[in-house]
Amino acid sequence: MIKAAAIGDRPTGKVGDFGLLFEYAIKLVLLASFLELVLYRLMSRLGMHLSKLAGTHPWITPTFTTLTEVGAWLLNIVAVLLFLSLTLTMVNRGIGQDTGRLAKSGIASAALLLLLTIAFLFVQPGMLGAIIYNSVALVTLTLFVAEYLTAHREPAQRFLVAAYYLGISGWLYYQVVSTIYGLSGTVAAPPLVYEVHRAGEALMVLASILVFAAYGQGLSLWTKNRRQRHRAIWFWTTTATIFTALIFTDYVLDLYNPALASAVRQASQGIGWIFQFGMGYTFYLPFAIYIGGLLCWSYTVIKLLMMGRLAGYGLGLMFIAGYALMFSNLTLMVILGVMLLTLDRVRPPVAESSLDANSPLLRSPERMIAEEA
């Protein structure tokens, strides 16, 4: 019984549990998405930021032009892989015996979102199409998040998904309501649109930190495992050092050299500008909080990927998409990430009541002797 319960507690959401095609599609879409983020959404903006230096450094223009072209090529590759991965995920999720109404409704909504994406490749969506697309995306996300919350009882995991959902919903609300007001020609500002947008960014940053609490266990300073304790000491020391340094860097540099402090501020503003256009973060919160979230997310995702957990691929895609879902492939990336997260589940412990009371393994010796007699 103890062995059966232990087996039942192991996670079922391994990336290799659903076939080679699914495994390689998910791995490739994560890799291509990460490269697209770096080469296209971030490097292209960095090239725009360094355009003033192109006159004195001739290598800047051709280098960043090439990187941008490679990133644009990767954008198409990501789109194809997303369509394949979403289709395979919906098939694997739909054929399970435990597929409930929420899962079936979410799969149907995701299929509708895919069809809308294909349709808008041939027909310009316009404002009305954007409202419909973002509304369907919000409904799809809501259904899969509801399924996740019903299937996962761990409080940290629930807080993580709830914070992420509210954060992305802040962006979708901003897009839908602003587009509705623009379509109607109303001059008045939409209600609470900017407040919700800023709150959504804060919740996204909070979610990136909660990722560690929900899935990054194993860095306890009180563990008896010497290797894990050394790893925990290294991680927490590095995190605390970087966080403290970023908090007090501006103040210390201003005391040491005001000109250097001004140059550092301009550089940080350039980084914020790049990430604002690339991922949608405005960096109105202290910069150290964003770095803390990045460290927590990076460690957890790498750990889960090394374990082969679907949660690692799901969390990777969810945050690589960023906060500003300006392209349809970013919206599909979020939906796929949440779907993979719902597939990463733990089997409930094997209950004694679920076993057959008349099974030979559970019969007492006296009962077996009596039956044989």
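Residues numbered from 1 in each chain as written. Predicted model: local features only at pLDDT ≥ 70, side-chain atom pairs only at ≥ 80, totals over all residues. Heavy atoms only, no water.

Colleague: Help me understand the overall build of the chain, please; the structure alone is not making it clear to me.
Modeller: Helix and strand counts for the chain stand at 13 helices and zero strands. Each of the 373 residues in the chain was classed as buried or not, and the buried ones make up 40%. When contacts within the chain are restricted to residue pairs at least 6 apart in sequence, those whose partners lie at least 24 apart make up 74%. A total of about 20,400 Å² of accessible surface is found on the chain, and carbon and sulfur atoms cover 69% of it. (Helix = DSSP H or I, 4+ residues; strand = E, 2+ residues; numbered from the N terminus. Buried < 20%, exposed > 50% of the residue type's maximum accessible area, 1.4 Å probe, protein only. Contact = heavy atoms within 4.5 Å. Areas by Shrake-Rupley, 256 points an atom, 1.4 Å probe, with all protein chains shown as cover.)

Colleague: Could you clarify how one ought to interpret the packing of aromatic side chains in this entry?
Modeller: Any pair of aromatic rings gets described here by the distance separating the centres and the angle formed by the planes. A complete count under the given rule lists ten aromatic pairs for this structure. Between Phe212 and Tyr299, the aromatic rings sit 5.8 Å apart at their centres with planes inclined by 50 degrees, giving tilted as the arrangement. Placement of the pair is Phe212 in helix H7 (residues 193-215) and Tyr299 in helix H10 (residues 287-307), with a sequence separation of 87 residues. Side by side, Phe212 and Tyr299 carry an identical accessibility label, which is buried. Each member of the aromatic cluster is reached from another via a ring pair, and the members are Trp171, Tyr174, Tyr194, Tyr281, Tyr290 and Tyr323. Here Lys27 stacks its cationic end above the ring of Tyr24, 6.0 Å away from the centre of that ring. Residue placement shows Arg198 over the ring face of Tyr284; its charged tip is 4.0 Å from the ring centre. (Phe/Tyr/Trp six-rings, centres within 6.5 Å; stacked < 30°, edge-to-face > 60°. Lys NZ or Arg CZ within 6 Å of the ring centre and 35° of its normal.)

Colleague: Sorry if this is basic, but what is going on with unusual backbone geometry here?
Modeller: Negative phi is the rule for most residues except glycine; trans is the rule for most peptide bonds. Even without a glycine there, the phi angle at Leu192 is positive, about 55 degrees. Secondary-structure assignment places Leu192 in the loop between helix H6 (155-184) and H7.

Colleague: Explain the environment of Gly170 to me, please; I cannot follow it from the model alone.
Modeller: Among the secondary structure elements, Gly170 is positioned in helix H6. Contacts of Gly170, omitting those with residues within four sequence positions, involve Val196, His197 and Tyr323.

Colleague: What is the right way to read the nonpolar core from this model?
Modeller: Grouped burial of nonpolar side chains is what soluble globular proteins tend to show. Among the nonpolar cores identified, the biggest contains 72 residues, and Tyr164, Tyr215, Leu315, Phe319 and Leu340 are the most heavily contacted of them. Broken down by element, the residue count for this core peaks at eleven residues, all from helix H12 (residues 328-343). Ignoring any residue separated from it by four or fewer positions in sequence, one finds Phe319 in contact with Tyr164, Met204, Ala207, Ser208, Val211, Met279 and Trp297. (Core = buried A, V, L, I, M, F, W, Y, C linked by side-chain atoms within 4.5 Å.)

Colleague: Would you mind going over a nonpolar patch on the surface with me for this structure?
Modeller: A grouping of Leu20, Tyr24, Leu28, Leu31, Phe34 and Leu35 is seen on the molecular surface, where their side chains present a nonpolar patch of about 600 Å² in accessible area. Tracing the backbone shows Leu35 in helix H2 (residues 20-49). (Patch = residues over 30% accessible without salt bridge, like charges linked within 9 Å, V, L, I, M, F, W, Y side chains within 5 Å. Salt bridge = Lys/Arg side-chain N within 4 Å of Asp/Glu carboxyl O.)

Colleague: What am I meant to see in the packing of helix H5 (residues 126-151) against H12 here?
Modeller: When two helices pack together, their arrangement is given by the angle between their axes and by how far apart the axes lie. Running from N to C, H5 and H12 cross one another at 15 degrees; their axes reach a closest spacing of 9 Å. Between H5 and H12, the angle falls in the class roughly parallel. Note that H5 runs across H12; the crossing there is left-handed. On the side of H5, the interface is formed by Tyr133, Ala137, Thr140, Leu141, Phe144, Val145, Glu147 and Tyr148, while H12 contributes Ser328, Thr331, Leu332, Val334, Ile335, Val338, Met339, Leu341 and Thr342. Residues belonging to the contact of H5 with H12 are distributed by class as follows: twelve nonpolar, four polar and one charged. (Axes fitted to C-alpha atoms, helices over the stretch in contact; angles between N-to-C directions. Parallel < 35°, antiparallel > 145°, perpendicular 65-115°, else oblique. Left-handed = near helix turned anticlockwise from the far one by under 90°. Nonpolar A, V, L, I, M, F, W, Y, C, P; charged D, E, K, R; others polar.)

Colleague: Explain the confidence of the model for the chain to me, please; I cannot follow it from the model alone.
Modeller: For the chain, mean pLDDT is 78; residues scoring 70 or higher make up 71% of the total. Per-element confidence in the chain ranges from a low mean pLDDT of 40 for helix H1 (residues 2-8) to a high of 94 for helix H11 (residues 310-320). Within the model, the stretch residues 1-11 combines pLDDT values under 50 with 15 contacts to residues more than four positions away or in other chains. Note that residues 346-373 has pLDDT below 50 and, in this model, 24 contacts with residues that lie over four places away or in other chains. (pLDDT = per-residue confidence, 0-100.)

Colleague: Can you help me understand the environment of Leu138 in this one?
Modeller: Within the secondary structure, Leu138 sits in helix H5. A relative accessible area of 27% places Leu138 in the partly exposed class. C-alpha of Leu138 to C-alpha of Thr331: the two residues are 193 residues apart in sequence and 9.6 Å apart in space. Not counting residues up to four positions away in its chain, the partners in contact with Leu138 are Tyr165, Ser169 and Leu172.

Colleague: It is not clear to me how the packing of helix H3 (residues 60-94) against H12 should be interpreted in this structure. Could you clarify?
Modeller: At their nearest, the axes of H3 and H12 sit 10 Å apart, and the two run at 35 degrees to each other. In the packing of H3 onto H12, the handedness of the crossing is left-handed. For the pair formed by H3 and H12, the contact residues are Leu75, Val78, Leu82, Phe83, Ser85, Leu86, Thr89, Met90 and Arg93 on the first element and Asn329, Leu332, Met333, Ile335, Leu336, Met339, Leu340 and Leu343 on the second. Per-class residue counts for the contact of H3 with H12 are 13 nonpolar, three polar and one charged.

Colleague: Help me out: how do you make sense of the pattern of salt bridges in this one?
Modeller: Proximity of charged atoms lets side chains of opposite charge pair with each other. Here the structure, examined in full by the defined rule, presents three salt bridges. The shortest N-O distance in the salt bridge between Glu36 and Arg41 comes to 3.2 Å. Residue classification places Arg41 among the buried residues on the basis of a relative accessible area of 1%.

Colleague: Would you take a moment to explain the environment of Trp73 for this structure?
Modeller: Mapped onto the elements, Trp73 comes out in helix H3. Taking the C-alpha atoms as reference, Trp73 lies 9.1 Å from Tyr40; in sequence the two are 33 residues apart.

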